[in-house]
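# Structure at a glance
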Protein chains: 2
Amino acid sequence: MAQHGKMSILKAYLETKGLKSTAQRDFIADTFFKTNTHISLEELLSKVKRKNKNIGYATVYRTMKLLGESGLAIARQFGDGQTRYENLPEDGHHDHIICMKCSKIAEFQNQKIEQLQSEAAKKLGFTVVNHKLELYGYCAGCAGGDKA
Amino acid sequence: MAQHGKMSILKAYLETKGLKSTAQRDFIADTFFKTNTHISLEELLSKVKRKNKNIGYATVYRTMKLLGESGLAIARQFGDGQTRYENLPEDGHHDHIICMKCSKIAEFQNQKIEQLQSEAAKKLGFTVVNHKLELYGYCAGCAGGDKA
DNA sequence: ATTATTATGATAATAATATTCATTTTCAAT
DNA sequence: ATTGAAAATGAATATTATTATCATAATAAT
């Protein structure tokens, strides 16, 4: 199961925090690491339950919170009051554009923006671990944002 | 009351949506436009109630949702499960850097980033109404992000 | 093996957000 | 000015995501 580099990062993180490694945690984390979208807790839970019927919601919840703290997952909230966790791809980060009318989500990458962010942060004495960039607007189909 | 440019933008927005202008809406919007921080609904409600005792929570809630849709307010969620609305200053937008250890928040502006965002959006056929950019990392004092 | 510490999972508590509905207000057309 | 359809209000209720509780089980170091 644990051929992921992320898995060992998690193990190391747990150790520094004095937390324990458990079968549930490992399984939930592994399941999450295999996703490639922003997944909600509910979705992740059902994915987990397919293989492991008796893992509870609370454990999924707590594990994802942990992953968020460790930097291995990013908690995001788009418009709908649902926290979604994003599994950041090894090859880098992507940002989002959300249509305010139809809720369509498009993704993009821009290395230049990333770079400018780091620079801006450095000026303020910060080191950036991760970031969220969300653009809100109207997609081609909904352009103008006219009356519904 | 309505010497704000924002007020007329709101009026125009309501018109295109076939919505009506009401005393409550105007008052809530005006009160909001006079704030200069990210304000929660609860805070805004109490501000509103000071002058206008019988405006209800639901109306504030609905009005802010409307302002969000119009681009006149930006809904933000930082760590605490509270949606806060940000009144964007006439002189432009500011973004946030949040320290993952001490929760300190610093703000910055970067025109170049804004520009790159619009370009990236345009490529995908989107028109940007507003955006959120949050950097997460460690401030000077917490640098390294060691064990808590 | 023992034991102290932490994790789990079912459930309950909390809190924010969204909806309902009867009443009132707006606004365009008379 | 009056009317009437459409929309807004506000109080209350419903919904839902998140967090906490607690008895039991698992972990890991000695």
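In this report, we go over the structure that sits alongside the text.

Calculation notes
Residues numbered from 1 in each chain as written. Chains lettered and ligands numbered in written order. Predicted model: local features only at pLDDT ≥ 70, side-chain atom pairs only at ≥ 80, totals over all residues. Heavy atoms only, no water. Helix = DSSP H or I, 4+ residues; strand = E, 2+ residues; numbered from the N terminus. Buried < 20%, exposed > 50% of the residue type's maximum accessible area, 1.4 Å probe, protein only. Contact = heavy atoms within 4.5 Å. Expected span 1.5 Å × (residues − 1). Arc of directions from axis to C-beta. Polar contact = N/O pair within 3.5 Å; in protein donor to acceptor, adjacent residues only side chain to side chain. Near = heavy atom within 4 Å. Nonpolar A, V, L, I, M, F, W, Y, C, P; charged D, E, K, R; others polar. Pairing = 2+ DSSP bridges. Axes fitted to C-alpha atoms, helices over the stretch in contact; angles between N-to-C directions.

## Quick notes on the environment of Leu45 of chain B
Residues and elements named next belong to chain B. Relative to the elements of secondary structure, Leu45 occurs in helix 3 (residues 41–51). You can call Leu45 buried: its relative accessible area is 15%. Linking Leu45 and Asp95, residues 50 residues apart in sequence, is a C-alpha distance of 25 Å. Setting aside chain neighbours within four positions, we find Leu45 in contact with Ile55, Gly56, Tyr57 and Val60.

## A word on helix 5 (residues 111–123) of chain A
All names here are of chain A. Taking 1.5 Å per residue, 13 residues should reach 18 Å; helix 5 reaches 19 Å between its end C-alpha atoms and fits that length. For helix 5, the complete set of buried residues consists of Ile113, Glu114, Leu116, Gln117, Ala120 and Ala121. For helix 5, the arc enclosing every buried residue in end-on projection is 165°, short of the 170-degree limit, so these residues lie on one face. For helix 5, the exposed residues lying more than 90 degrees away from the buried face are Gln111, Lys122 and Lys123. Capping the start of helix 5, Asn110 holds a side-chain oxygen 2.9 Å from the backbone nitrogen of Lys112, two or three residues further along.

## Thoughts on the protein's contact with DNA strand D
Around DNA strand D, the surrounding shell holds 21 residues, and the nearest of these are Tyr61 and Thr83 of chain A together with Thr22, Thr59 and Arg62 of chain B. Restricting the count to atoms of DNA strand D within 4 Å of the protein gives a sugar and phosphate share of 73%. In this structure, a phosphate oxygen belonging to DNA strand D sits 2.7 Å away from a side-chain N or O atom of Arg25 of chain B. Contributing elements (two or more residues each) for the surface near DNA strand D: helix 4 (57–70) of chain A together with helix 2 (23–33) and helix 4 (57–70) of chain B. Residue composition of the surface near DNA strand D, by class: 6 nonpolar, 10 polar and 5 charged.

## Thoughts on the sheet that holds strand 2 (residues 73–77) of chain B
Residue and element names in this part refer to chain B. Strand order in the open sheet made by the 3 strands is 1-3-2, with antiparallel pairing throughout. Two strands bound the open sheet, and with one partner strand each, they are strand 1 (38–40) and strand 2. Strand-to-strand, the axes of this sheet are offset by a mean angle of 40°, without reference to chain direction. Where strand 1 meets strand 3 (residues 83–87), 3 bridges bridge the pair, whose relative direction is antiparallel. Note that in strand 3 the partner of Ile39 across the bridge is Tyr85. Strands in contact with helix 2 are strand 1, strand 2 and strand 3; relative to strand 3, the strand with the most contacts, it is inclined by about 75°.

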